[in-house]
Amino acid sequence: MSASCATAGTEWLNPTGGRWELNRRNFAINGIVATGASVMPPSVVAESSQGLQQLPFKPEGYNYWTWRGHKIHYVEEGEGFPVVLIHGFGTSAFHWRYNIPELAKNYKVYALDLLGFGWSEKAQIDYDALIWRDQLVDFLKEIVKQHTVLVGNGLGGFTTLLAAAELPAEQVKGVTLLNSAGQFGDDITTTDTSEETALRKFIVRPVEEIFQRVVVGLAFWLSMRPAQIEAQLKSGVYRNHSNVDDYLLNSIAIPAADPNAGEVYYRLLRQLISNPRKYTLESVLSQLSCRLLLLWGDLDPWVDHAKANRIKEFYPNTSLVNLQAGHYPHDEVPLLVNKALLDWLSTLGLSEPSLRTVPEI
């Protein structure tokens, strides 16, 4: 089964699940935690305070793959049935630091950096949901080459849904969402799509763009300060602050030092603010046939916890685990997430994968 998709809007970037107008200033000025930080010395930590093994932090990254001429970073650990992890907005493969070693005891784990984020290239392109969907689909075809389970947080969650809907039904055995981006259609405010006047097109919009670049550039510069990153993470995104440490801050700071990171930030934010939203959760979920697991941080200030219940109601083949955590439960309460994910994986009847390649889409 496959699905053809129209040009994507930017609904998938909305972290608030329907509260974008309320939080637009917070996103633009306080932070996108992701894209701004000054570089700090690398930190390699073997164990967390919870006793879990951490993925060793490598400032140079792990593995690289060329996709459409762009350099893409990914981590590959373990043996067995493939499980592919997709990070959220502004983070990276290193954000799965507590999950990769545990999962790799029983599965072959991949963690992919989406284009524009982490250790992947900061490409100067127009970003939309289909860019990351296509990147993930091609990664499965060219690198993984086997049936798989997809796991995604935030933006990465919506990316996994799009990829699973695009691929043949048997290719993806299950999808796990952690506080996923995406909205239901009735949460999206319709916008006026009438043709622009010449005055707006040739005078007003260029002036607006210059102003926006100045404002966004200032916001990016401010958010590059380590103290700002830490403050944003502790403002409610992480309810338990014990894992807001040097490892986490370094994983944000190093990609932000890329000379093109500020431009990527601007382009992503511009898409988020200005483009119509054409994808809805129901349109994507209606194309799924695999099992779905929701690991939901109910204390998330960006994504309404009610979304998880609505997804489960719309897509009955769903299991829901509620967690007392913020937007990143896999990093904030990794013991609970690892147990829930491993328990669910054990129910999927996964066997050692064959070596056949993924069929052409």
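Worth saying up front: this structure is predicted, and the values here are computed from it rather than measured. The written sequence of each chain sets the order in which its residues are numbered from 1. Local features in a predicted model are, by the rule used here, given only for residues with pLDDT of at least 70; side-chain atom pairs are given and counted only at 80 or more, and totals for whole chains, interfaces and linings are based on all residues. Computation of side-chain values covers all heavy atoms of the structure but excludes hydrogens and water.

A. Examining the pairing of strand β2 (residues 70-77) more closely. Pairing of strand β1 (residues 63-67) with β2 involves 5 bridges; the strand directions are antiparallel. Looking at β2, one finds that Tyr64 is bridged to His73. Strands are labelled as partners when DSSP assigns at least two bridges between them. Numbering of helices and strands starts at the N terminus; helices are DSSP runs of H or I of at least 4 residues and strands are runs of E of at least 2. Across 4 bridges, β2 lies against strand β4 (residues 108-112) in antiparallel orientation. The residue of β4 that forms the bridge with Val75 is Ala111.

B. Quick look at the environment of Val149. Here Val149 is to be found in strand β5 (residues 148-153). Sequence separation between Val149 and Pro82 is 67 residues; the distance between their C-alpha atoms is 6.6 Å.

C. Spotlight on the packing of aromatic side chains. The aromatic pairing rule takes the rings of Phe, Tyr and Trp, using the six-membered ring of Trp, and pairs them if the centres are within 6.5 Å, calling planes under 30 degrees apart stacked, those over 60 edge-to-face and the rest tilted. By the definition in use, this model includes 14 aromatic pairs. Geometrically, the ring pair formed by Phe57 and Trp119 is edge-to-face, given 6.0 Å between the ring centres and 80° between the ring planes. Of this pair, Phe57 sits in the loop between α1 (20-30) and β1 while Trp119 sits in the loop between β4 and α3 (129-144), and the two are 62 residues apart along the sequence. Accessibility classification places Phe57 together with Trp119 in one group, the buried group. Considering the side-chain rings of Phe184 and Phe314, the 6.2 Å spacing of their centres and the 65° angle between planes classify their relative orientation as edge-to-face. Of this pair, Phe184 sits in the loop between β6 (172-178) and α5 (198-223) while Phe314 sits in helix α10 (residues 306-314), and the two are 130 residues apart along the sequence. For Phe314, a relative accessible area of 38% corresponds to the partly exposed category. Of the aromatic side chains, those joined through ring pairs into one cluster are Phe57, Tyr62, Phe94, Trp119 and Tyr247. To sit over a ring, a charge needs its Lys NZ or Arg CZ within 6 Å of the ring centre and within 35 degrees of the ring normal. Its end group placed over the ring of Tyr64, Lys71 keeps NZ or CZ at 4.4 Å from the ring centre. Lying over the aromatic face of Phe184, Arg310 brings its terminal NZ or CZ to 4.3 Å of the ring centre. Type-normalised accessible area, obtained with a 1.4 Å probe on protein chains alone, sets the label of each residue: buried when under 20%, exposed when over 50%, and partly exposed for intermediate values.

D. Broad picture of the nonpolar core. Take the buried residues of types Ala, Val, Leu, Ile, Met, Phe, Trp, Tyr and Cys, join any two whose side-chain atoms come within 4.5 Å, and each joined set is a nonpolar core. Judged by nonpolar contacts, the single largest core of 62 residues is most densely connected at Val84, Trp132, Leu150, Leu161, Val175 and Leu292. The element best represented in this core is α3, accounting for 9 residues. Residues are treated as being in contact if the distance between any of their heavy atoms lies within 4.5 Å. In contact with Val84, not counting residues within four places along its chain, are Tyr110, Leu136, Phe139, Leu140, Val144, Thr148, Val149, Leu150 and Val151. Membership of the second largest hydrophobic core comes to 33 residues, among which are Ala93, Leu103, Tyr107 and Ala325.

E. Local environment of the environment of Phe158. Following the sequence through the fold, Phe158 ends up in helix α4 (residues 155-166). Accessibility expressed as a relative area gives 1% for Phe158, which makes it buried. Residues Phe158 and Trp132, 26 residues apart in the sequence, show an inter-C-alpha distance of 9.7 Å.

F. Spotlight on the side chain of Thr148. Following the sequence through the fold, Thr148 ends up in strand β5. Under the relative-accessibility criterion, Thr148 is labelled buried at 0%. N or O atoms within 3.5 Å of each other form a polar contact, as long as, within protein, one can give a hydrogen and the other can take it, and as long as residues adjacent in sequence are counted only when both atoms are side-chain atoms. Engagement of the side chain of Thr148 in a polar contact is seen with the backbone oxygen of Pro82, the distance being 3.1 Å. Apart from the residues within four sequence positions on either side, Thr148 is in contact with Phe81, Pro82, Val83, Val84, Leu140, Gln171, Val172, Lys173 and Gly174.

G. Spatial organisation of the sheet that holds β1. One open sheet accounts for 8 strands, arranged β1-β2-β4-β3-β5-β6-β7-β8; its pairing is mixed. If you trace the sheet from one side to the other, it starts and ends with β1 and β8 (318-323), each paired once. Each strand axis lies, on average, 20° off the axis of its neighbour in the sheet, ignoring direction. Throughout, an axis means a line fitted to C-alpha atoms (over the contacting stretch in the case of helices), and angles, computed between N-to-C directions, take values from 0 to 180 degrees. Of the strands in this sheet, β1, β2, β3 (82-86), β4 and β5 are in contact with α3, which crosses β1 at around 115°. Against the sheet, α10 touches β7 (291-297) and β8, its axis set at about 165° to β7.

H. Quick look at unusual backbone geometry. For Lys145, which is not glycine, the phi torsion reads 60° and is therefore positive. Position of Lys145 among the secondary structure elements: in the loop between α3 and β5. Accessibility expressed as a relative area gives 36% for Lys145, which makes it partly exposed. For Asn179, which is not a glycine, the phi torsion comes out positive at approximately 50°. Note on placement: Asn179 falls in the loop between β6 and α5.

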